[in-house]
Amino acid sequence: MTVWDSGRIARASRLQAGARYAKGKHVARKDATALLEAVIQPGDRVCIEGDNQKQADMLAAALAAADSGKLHDLHMVQSGVVLPEHLDIFERGIARRLDYAFSGPQSQRIARLLFGGKIELGAVHTYLELFARYFIDLTPQVALIAAVSADREGNLYTGPNTEDTPAIVEATAFKDGIVIAQVNEVVDKLPRIDIPSDWVNYVIESDKPFYVEPLFTRDPAAITETQILTAMLAIKGIYAPYGVQRLNHGIGFNTAAIELLLPTYGERLGLKGKVASYWALNPHPTLIPAIESGWVKQIHSFGSEVGMDDYIRARSDVYFTGPDGSLRSNRAFSQVAGLYACDMFIGSTLQIDLQGNSSTVTTDRVAGFGGAPNMGSDARGRRHPSEPWLRAGKEADPDSPALMRRGRKLVVQIGETFGDKNVPLFVEHLDAIELARKLDLDLAPVMVYGDDVTHIVTEEGIANLLLCRDNDEREQAIRGVAGYTAIGRARDAKMVQRLRERGVIRRPEDLGIDPLDADRRMLAASSIKDLVRWSGGLYAPPSRFRNW
Amino acid sequence: MEKLTYRHVAALRAKGTRDQAIVGVVASGNLEVLVERGLPDGECEVEIRTPVEGFGDVWSAVVVDFVGRSSPGGLKLSINDGGARPDMVALRLAQAVRAIEGERS
């Protein structure tokens, strides 16, 4: 007899094993590790919720404390490898295989564990891609998630930092998996229900609120004048001519500078209402002056940002909020929005090669990508037209008949030619290739492929790769904005000059940018305190950003 | 401390009438540029004092590009460097020429 409900039977036996630690759905903090040992089985696919922002940190610690005799060979399928505990479980032999998307702070240790053979790497994904695989071949048997509060029945309020939770729970709960939530507190009445109780199996009240990293907070005080120059180039040379209304920004200082120049430089160029109105974006504090100046119509967010909750609550025309008034973020939907409904992604990177491929992976740091490969790629399934998309498509392929020509998403990489510690942004070969060879990977971890990149902006100018007709032109266009790096100095000066005459390369002087405007006084806010002032006192920055 | 001096032929006399100007600040990763008139119209001199030694070839390349892209004829530019990256140096030099030009009409 074929059994057609083995998953359901397995879930029942897991729940039975866990029942001795639970009163209803509620489990005491002290029993967290014992519960995990009871419901997880060796070899399970397990997701510890955590991305570049929120962390199910208590549950991560509880799993890391498990007996590796009972729990071993787990296959971790999770957005972020961010906390030390995420790697402790590999060091201790509890987990063996890893599929993930992002690992900012642990990027060096993860590289060591990969080289040491402690981690079997599946792949480094983009967020949306990993969520997609939750529904196809990487469905978690057990998900460990984080919520703000639960009620007695186990309904969850995930609050402003809802982020990945709905995607993880959907995949786990509806495929016979077990969902375990850590919550900051158990209350009688929730502000709103984000996850209904019958999708949740266990709730554990944590001894402290789950951790959230203020990753999207950039202190305007740290923005340099060369970053301001790159920002002016982007605004005048890309936002304005293409009329980019719908967009996503990365998290670097260059894009923070753009946000702070919209109400000043952008205003002077008469661009208000013509660019930067609709966003897939976290609640960046540096966007406050543009919002307050009436630039922004609507923002959908992947997550929240520490200190922004009251401001968001008071600006519900701009942000997505629930009936309780607080932000509703959703990483999966916002990534979809960034892929299909935005005309531009602009962000920074660590390395760009001569064909425009870029990666944040270096030989000793496997940082992962988060959302960048998704945002920074052309959506081949897109079918709706828009002005910037059509224009970019025409630049790339001027000879095809308009009705049959695909548009192109603008994918812009922006940065100074030299990064931190004078490390050049431009390289002959990406470190990612060397890493893939050493680890025997089938695929080098490339963040944005060169054939998706449409523009590269540095302080030296803009290279419009859409207008390049062959690989030689492409290479010289990139060398032509690579400044005084070895790549830049090895340019073919004559060819670069011809590219400039064709408008493939545009320098600040070609765009009529006055170098004297590259001045910190051009920023709408020059400090975190200025941002608080712009917000009317609603923005409450975390203490590490307060120096007053 | 290293001192470097470059003299170049400049195609055009620098615009404007101001006698001198200063841009930038002497700070780590930054630099100050004093720009003065006084040289013949077809000449330009850039003098650099930098605490970081051994980057003469990069300085030389930055100065060559600067003379080619701006029109600094008749100018002497004195750089007090605080270990700035070439991208910052190029920006300050462009700013210096704009600053001595004065207000644009």
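For the structure given in this document, a descriptive report is provided here. This is a predicted model, so every value here is computed, not measured.

### Comments concerning the overall build of chain B
If you tally the helices and strands in chain B, you get 2 helices and 5 strands. Start at the N end of chain B and walk to the C end: the helices and strands fall as β-β-β-β-α-β-α. For chain B, the residues scored as buried account for 47% of the 105 residues in total. For chain B, long-range pairs separated by at least 24 residues make up 80% of all intrachain contacts whose partners lie at least 6 apart in sequence. Accessible surface computed for chain B: about 5,000 Å², of which carbon and sulfur atoms make up 50%. With 13 positive and 15 negative side-chain charges, chain B shows a spacing of 5 Å between the two charge centroids.

### Structural notes on the layout of surface pockets
Residues and elements named next belong to chain B. Computed from the structure, the second largest pocket encloses a volume of approximately 640 Å³. The leading source of residues in the lining of the second largest pocket is helix H2 (residues 86-101), at 9 residues. Taken together, the residues of the lining of the second largest pocket break down into 14 nonpolar, 4 polar and 10 charged.

### Observations concerning helix H6 (residues 127-134) of chain A
All names here are of chain A. Taken together, the buried positions of H6 are occupied by Tyr 127, Leu 128, Leu 130, Phe 131 and Tyr 134. All buried residues of H6 lie within an arc of 160° about the axis, which places them on one face of the element. On its buried side, H6 packs onto strand S3 (45-48), strand S4 (74-80), strand S5 (95-102), helix H7 (165-173), helix H12 (331-340) and helix H13 (372-375).

### Describing the pattern of salt bridges
Residues and elements named next belong to chain A. Inspection of the entire model under this criterion finds 47 salt bridges over all chains. Its salt-bridge partner being Arg 408, residue Asp 378 comes within 3.9 Å of it at the nearest N-O pair. With Asp 378 in the loop between H13 and helix H14 (387-396) and Arg 408 in the loop between H14 and strand S17 (410-414), this residue pair connects regions lying 30 residues apart in the sequence. Neither Asp 378 nor Arg 408 differs from the other in exposure class; each is buried. Salt bridges here are not isolated pairs; linked through shared partners, they connect Asp 51, Glu 163, Asp 164 and Arg 331.

### Some thoughts on the interface of chain B and chain A
Accessible area lost during the coming together of the parts is what is often quoted as the interface size. Every contact between the two is made by 17 residues of chain B and, on the other side, 20 residues of chain A. For the pair chain B and chain A, the two sides together bury roughly 1,700 Å², of which 55% comes from carbon and sulfur. Of all residues in chain B, the largest losses of buried area upon contact with chain A belong to B:Arg69, B:Arg85 and B:Asp87, amounting jointly to 37% of the total for that side. On the surface where chain B and chain A come into contact, there are 5 salt bridges. Run the count over chain B and chain A and you get 9 residue pairs in polar contact (both at pLDDT 80 or more). For the side of chain B that touches chain A, the elements supplying multiple residues, two or more each, are helix H1 (56-69) and H2 of chain B. The residue inventory of the side of chain B that touches chain A, partitioned by class, reads 8 nonpolar, 1 polar and 8 charged.

### With respect to the environment of B:Phe55
If you trace the backbone, B:Phe55 turns up in the loop between strand S4 (43-50) and H1. A C-alpha to C-alpha distance of 10.0 Å links B:Phe55 and B:Leu4, two positions 51 residues apart in sequence.

Cut-offs applied
- Residues numbered from 1 in each chain as written.
- Chains lettered and ligands numbered in written order.
- Predicted model: local features only at pLDDT ≥ 70, side-chain atom pairs only at ≥ 80, totals over all residues.
- Heavy atoms only, no water.
- Helix = DSSP H or I, 4+ residues; strand = E, 2+ residues; numbered from the N terminus.
- Buried < 20%, exposed > 50% of the residue type's maximum accessible area, 1.4 Å probe, protein only.
- Contact = heavy atoms within 4.5 Å.
- Areas by Shrake-Rupley, 256 points an atom, 1.4 Å probe, with all protein chains shown as cover.
- Lys, Arg positive; Asp, Glu negative; His and termini not counted.
- Charge placed at Lys NZ, Arg CZ, Asp CG, Glu CD.
- 1 Å grid on protein atoms, 1.4 Å probe; cavity = no way out; pocket = protein on both sides within 12 Å on 5 of 7 lines; lining within 4 Å.
- Points joined across faces, edges and corners; volume = space filled by probe spheres on them.
- Nonpolar A, V, L, I, M, F, W, Y, C, P; charged D, E, K, R; others polar.
- Arc of directions from axis to C-beta.
- Salt bridge = Lys/Arg side-chain N within 4 Å of Asp/Glu carboxyl O.
- Buried area = accessible area lost by both parts, 1.4 Å probe.
- Polar contact = N/O pair within 3.5 Å; in protein donor to acceptor, adjacent residues only side chain to side chain.

Honestly, that's just the spatial picture; any functional story needs more than this.
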